Amino acid sequence: MLSRHCHWIDFRGCCLARCTHDIVRVAAQPSLRSLLAYKSNLAMSELNRRTMLEQSAAWMLAAGVGSAALSTSEASAQEPKPGPYADAKLVPGDLPPVAKDSFTIAVLPDTQNYSEKFPANFHAQTEWLVKHKADRNIVAVLHLGDVTNRNTVAEWEVAKSAMEKLDGHLPYFMALGNHDYSEGGGCKDRTTRYNDYFKLEKISQTPNFGGVYDKEPERLENIYHTLDAGGRKFLVIALEFGPRKDVVRWAAEVAAKHADREVILITHAYMYYDETRYDWKKFGAKQTWNPHSYPVAKATADDVSDGEELWSGLVAKSENFICTLNGHVLGDGLGRTITATPAGREVPQMLVNFQMKPNGGDGWLRLLEFQSDGKTVEVRDYSPTRGEQNESPQNRFTLTLAAPKVS
Ligand SMILES: [Zn+2]
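Keep in mind that what you see is a predicted model, and the values were worked out from it rather than measured.

Procedures and definitions
Residues numbered from 1 in each chain as written. Predicted model: local features only at pLDDT ≥ 70, side-chain atom pairs only at ≥ 80, totals over all residues. Helix = DSSP H or I, 4+ residues; strand = E, 2+ residues; numbered from the N terminus. Buried ≥ 20, exposed ≤ 12 C-beta atoms within 10 Å, placed from the backbone. Expected span 1.5 Å × (residues − 1). Contact = placed C-beta atoms within 7 Å. Pairing = 2+ DSSP bridges. Axes fitted to C-alpha atoms, helices over the stretch in contact; angles between N-to-C directions.

> Please set out the overall build of the protein chain residue by residue, giving values where relevant.
In terms of helices and strands, the protein chain carries 14 helices and 15 strands. Per-residue burial for the protein chain yields a buried fraction of 47% across its 407 residues.

Here's what the structure looks like:
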């Protein structure tokens, strides 16, 4: 069925049967309590993310999301609810100071629930970034797409007003998600209201602007920006949801033309929560919410690319990508992998998405603190609305970027 939407809609609608199945299966395990206790003692990297998805789905149902599908007997049979922070290690208070000569790139994953229902959380994020620009040496903000939930005028107005708080303070680079396309956010085609609210005339005047997709010079969905920080030269390429094959061609040309820059790719759907890239040929619909499963794929003779296709057609080919970032995926909304290119450069790739937390995501954002050694990044997740960081190993870790191979 092609009406496979992601995110909250799934849990209210078309994926409910699967979730109900999961919760029944989880509830049927007599030793769930001891299992969860055991898992809590494991490093998170050892956890099977499919189990995390089941826990997440169980919590969402227990919390009333799609509650109609959960019978009283099923609910009462359920053992302790893991809750949205079962795997978290929350630490209240301000973040520790940044290291000397480091700089920070901030990441805003899926804001769709904020744009639709929790605008204060969106505003709190961008206000916090402006406020801490100096003390954390923040140099740019990346948005990973699903800016809105249903591509409505009201949601884009919220997104515009929240993002524009960064104007004059911090450059921001945005990718679009499936929910940003088509009436209702159904991703039936590549129409979007994005360009009505974020204007090329304005963005093309910013000092970081590089260029847009050569076949669509009036549109912003495929765009690159330059970024100079810490004595290093970066290029951020932002690609549409499930990029078209010719868009991938264009992006590879852009990366090749900027061989003197370390390239960061942001695109909405790339890695899945199981620590692998989206790979339609290998996994098909077993990896839910692959771009190939959306109506836009059917409407365009499958002219979309998933993570594996972006890896082989762009990241592995260009030899100057240092990392990739994406959002989109539910489950625990987290994933990481490292893959070597043909030249042996090990490229970290990262999924981060907080939209399944309460209040549309509880304001969580990710901070990438680039160290002065030129390769290390300290990763921290922080919520300005909760005033907490999450020090679980999935949320607080050290990343080694691919060795730059720039000329
Ligand atoms: Zn999405």
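> Mind laying out helix 14 (residues 307-318), listing which residues take part and the relevant values?
Think of an α-helix as 3.6 residues a turn; residues three or four steps apart then line up on the same face. Its 12 residues place the ends of helix 14 15 Å apart at the C-alpha level, agreeing with the 16 Å of an ideal helix rising 1.5 Å per residue. Looking at helix 14, one finds that the buried residues are Gly-307, Glu-309, Leu-310, Trp-311, Leu-314, Val-315 and Ser-318. Those residues of helix 14 that are buried lie in contact with helix 11 (245-257), strand 8 (262-267), strand 9 (321-326), strand 10 (334-340) and strand 11 (346-352).

> Please provide a residue-by-residue account of the environment of Gly-344, values included.
Inspection of the secondary structure assignment puts Gly-344 in the loop between strand 10 and strand 11. The exposed category is assigned to Gly-344, around which 10 C-beta atoms lie within 10 Å.

> Tell me about the sheet that holds strand 7 (residues 232-239), residues and numbers included.
Read across the sheet, seven strands follow the order 5-6-7-8-9-11-10 without closing on themselves; strand pairing throughout is mixed. Either end of the sheet is taken by a strand with one partner, and the two such strands are strand 5 (209-212) and strand 10. Ignoring strand direction, the axes of neighbouring strands in this sheet form an average angle of 20 degrees. Relative to strand 11, strand 9 is paired through three bridges, and the arrangement is parallel. From the neighbouring strand, Leu-325 faces strand 11, where its bridge partner is Met-350. Here helix 11 sits on the sheet and contacts strand 6 (223-229), strand 7, strand 8 and strand 9; the angle it forms with strand 7, its principal contact strand, is near 175 degrees.

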